[in-house]
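Take a look at the letters that make up each chain.
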Amino acid sequence: MRIPAPSARQRLFLSDKHRYVAFGGARGGGKSWAVRIKAVLLAFGFPGIKIMIVRRTYPELRANHIGPLRQLLGDFAVYKDSTKELSFPNGSVILFRHCQTQSDIDKYQGTEVDVLFIDEATQFTEEQYDRFKACVRGVNSFPKRIYLTCNPGGVGHAFVKRLFVDRAYKESENGEDYSFIRSLVTDNKALMETNPDYVAQLKALPPKLRKAWLEGDWNIFDGQFFEEFRDIPEHYKDRKFTHVIEPFEVPREWNIVRSFDFGFAKPFSCDWWAIDYDGRAYLILQLYGGTATPNEGVKWHPDKIFSEIHRIESTHRWLKGKQITGVADPSIWDVSRGESVYDTACSNFVYFNKGDNKRIPGWMQCHYRMSFDENGLPMVYFFNTCTHAIRTLPLLQFSETLPEDLDTSQEDHFADSFRYFCMSRPIAPRKMPENKTIEKDPLNLLSGG
Ligand SMILES: Nc1ncnc2c1ncn2[C@@H]1O[C@H](COP(=O)(O)OP(=O)(O)OP(=O)(O)O)[C@@H](O)[C@H]1O
Ligand SMILES: [Mg+2]
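Cut-off values and rules
- Residues numbered from 1 in each chain as written.
- Chains lettered and ligands numbered in written order.
- Predicted model: local features only at pLDDT ≥ 70, side-chain atom pairs only at ≥ 80, totals over all residues.
- Heavy atoms only, no water.
- Near = heavy atom within 4 Å.
- Polar contact = N/O pair within 3.5 Å; in protein donor to acceptor, adjacent residues only side chain to side chain.
- Areas by Shrake-Rupley, 256 points an atom, 1.4 Å probe, with all protein chains shown as cover.
- Helix = DSSP H or I, 4+ residues; strand = E, 2+ residues; numbered from the N terminus.
- Axes fitted to C-alpha atoms, helices over the stretch in contact; angles between N-to-C directions.
- Parallel < 35°, antiparallel > 145°, perpendicular 65-115°, else oblique.
- Left-handed = near helix turned anticlockwise from the far one by under 90°.
- Contact = heavy atoms within 4.5 Å.
- Nonpolar A, V, L, I, M, F, W, Y, C, P; charged D, E, K, R; others polar.
- Buried < 20%, exposed > 50% of the residue type's maximum accessible area, 1.4 Å probe, protein only.
- Arc of directions from axis to C-beta.
- Domains from an automatic or database assignment.
- Buried area = accessible area lost by both parts, 1.4 Å probe.
- Salt bridge = Lys/Arg side-chain N within 4 Å of Asp/Glu carboxyl O.
- 1 Å grid on protein atoms, 1.4 Å probe; cavity = no way out; pocket = protein on both sides within 12 Å on 5 of 7 lines; lining within 4 Å.
- Points joined across faces, edges and corners; volume = space filled by probe spheres on them.
- Patch = residues over 30% accessible without salt bridge, like charges linked within 9 Å, V, L, I, M, F, W, Y side chains within 5 Å.
- Pairing = 2+ DSSP bridges.

### Notes on the site of ligand 1
Taken together, 17 residues surround ligand 1, and among them Gln10, Gly28, Gly29, Lys31 and Trp33 come closest. Between a nitrogen atom of ligand 1 and a main-chain N or O atom of Ala5, the distance comes to 3.0 Å. Interatomic distance of 2.9 Å between a backbone N/O atom of Ser32 and an oxygen atom of ligand 1. Relative to its free-state accessible area of 630 Å², ligand 1 is covered by the protein chains to the extent of 74%. Within the residue set of the shell around ligand 1, elements represented by two or more residues are helix H2 (31-45) and helix H7 (189-194). The biggest single contributor to the shell around ligand 1 is H2, with 4 residues.

### Overview of the packing of helix H1 (residues 8-15) against H2
For the pair H1 and H2, interaxial distance at closest approach is 10 Å and the crossing angle is 40°. Classified by the angle between their axes, H1 and H2 sit oblique to one another. The hand of the H1/H2 crossing is right-handed. From H1, Gln10, Phe13, Leu14 and Ser15 reach across to H2, where they touch Trp33, Ala34, Val35, Ile37, Lys38 and Leu41. Counted by class, the contact of H1 with H2 contains 7 nonpolar, 2 polar and 1 charged residues.

### What about helix H5 (residues 126-133)?
One full turn of an α-helix is made of 3.6 residues, so residues set three or four places apart face in the same direction. Residues Gln128, Tyr129 and Phe132 constitute the buried set of H5. Viewed along the axis of H5, the buried residues span an arc of 100°, placing them on a single side of the element. On its buried face, H5 is in contact with strand E1 (20-24), strand E2 (50-55), helix H4 (102-107), strand E6 (115-118), strand E7 (145-150) and helix H6 (157-166).

### Let's talk about the domain arrangement of the chain
Looking at the assigned domains, one finds that the chain contains domain 1 (8-213) and domain 2 (233-446). Centre-to-centre, using C-alpha coordinates, domain 1 lies 38 Å away from domain 2. Taken together, the 17 residues of domain 1 in the interface contact 17 residues of domain 2. Regarding the contact of domain 1 and domain 2, the summed buried area is about 1400 Å², with carbon and sulfur atoms giving 69% of it. On inspection of domain 1 and its partner domain 2, the count reaches 0 salt bridges. Elements with a contribution of two residues or more to the side of domain 1 that touches domain 2: helix H8 (196-203) and helix H9 (207-213). Here the side of domain 1 that touches domain 2 takes 6 residues from H9, the largest share from any one element. The residue makeup of the side of domain 1 that touches domain 2, split by class, is 8 nonpolar, 4 polar and 5 charged.

### Describing the layout of surface pockets
Considered as a void within the structure, the largest pocket measures approximately 590 Å³ in volume. If one sorts the elements of the lining of the largest pocket by residue count, helix H12 (residues 359-370) sits on top with 3 residues. Per-domain counts for the lining of the largest pocket show at least three residues from each of domain 1 (8-213) and domain 2 (233-446).

### Examining the pattern of salt bridges
Per the counting criterion, the structure on display carries 22 salt bridges. Here Glu313 makes a salt bridge to Arg258, at a shortest N to O gap of 2.6 Å. Of the two residues, Glu313 is situated in helix H10 (residues 302-315) and Arg258 in strand E10 (residues 255-261); the sequence distance between them amounts to 55 residues. With respect to burial, Glu313 and Arg258 carry one shared label: buried. Each of Glu126, Arg162, Lys170 and Glu173 takes part in a single network of salt bridges with overlapping partners.

### Comments concerning a nonpolar patch on the surface
On the surface, a nonpolar cluster with roughly 280 Å² of combined accessible area is contributed by Met1, Phe44 and Phe76. Inspection of the secondary structure assignment puts Phe44 in helix H2. For Phe44, a relative accessible area of 34% corresponds to the partly exposed category.

### Thoughts on the sheet that holds E6
Strand order across the open sheet formed by 8 strands is E3-E4-E5-E2-E6-E7-E1-E8, with mixed pairing between neighbours. In the strand order of this sheet, the two ends are held by strand E3 (78-80) and strand E8 (178-182), each with one partner. This sheet shows a mean twist of 15° between the axes of neighbouring strands, independent of strand direction. Where strand E4 (residues 85-87) and strand E5 (residues 93-98) come together, 3 bridges link them in antiparallel fashion. Across the sheet, the residue bridging to Glu85 is Leu95, located in E5.

Right, here's the structure in full:
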């Protein structure tokens, strides 16, 4: 067994002896690697020690820890799949545990360990963190330690930030027990050499996410969610550095996709997208079941919504006679209250595929599509006639409880429909040249500033 050399930051983490140590603060800093290696060093160094590595889902646990550790250790340790435990000849054990639901954590109630690693701690709530912390106990003389890795964002953003970044302690907590070792992707030479695209992808994110995940900034998740959104009429004609453009005659040959977010007591959003030969999407038409004044609350019965969609598709010159692919909010397949909304759609000759409702990857796809390339061209445009899209997108704010998501109490129906559309045609992140970021004023960019 040969353990590769740690980076300078990883070395600090491996030798840190505080009771609580957080490592990371950004993407790709070599956090999971450091967890694996520290667990192995402790297992060899303290015979009979019990270590637990926690990650939110089992597939992540397998990919980041169980698989690589088995590969690294070979015959030096024995892995038992039924108990998800790795046993060392000196009596030390590493337990692999995941926690996606409340019942998962209930299972670990009686577990006692000496050392706990929580990889991606910001993906856990503070309550879940406390429950895992309670497993670190026992009367032996082994050191009791808790190691966390973290990125800004996630449901645990606030408690990790309080303990390790703001260092604001409650009476029961002693600040001297806590240590935070910052590591950025630039500290991870191994990754920078083998996968330089990873950094390019982080750089292509909109400024707030880039600041969080590339620079490890914990203070950025507030304000406008789609901060990259640009509605600059002077740019409508050349279509550069704007997302909003004047309508044009949509070529008959372009594919049409219809995305839909359902709302019964709230607005629904039905959106028609035309796709050009480069895969660039144009929001060409929109049927929005709400008004600019939320109190009016237009409540359309599903039958009326879908018969209107069918009417538009049968008569509008851009849609008539075309094969239209639909993608919708998966909740419309729900049959718990009798006939599903989807059944009503079908009886009106309106068909959909189930949308992928993974929120954070979905928002990332929206961001990728909205990012400008070096010529100022995004992969999505909105016709300026689609007023509800243009009105609601810039109003959306970050969520206070789940930092990289948006606040769902707002008028997010078009955004959800946009997200289902993007997830139905995912694109790769677009690379932004070093000196051209969307933070800068687009006008300056055009004049070479
Ligand atoms: N010291 C090292 N020597 C060799 N390879 C390393 C080292 N540190 C990290 N790596 C490799 O770099 C890649 C990224 O590291 P790792 O997965 O630990 O980062 P991370 O901070 O957990 O990333 P993410 O934020 O995506 O979870 C992995 O392929 C890992 O094996
Ligand atoms: Mg990791």
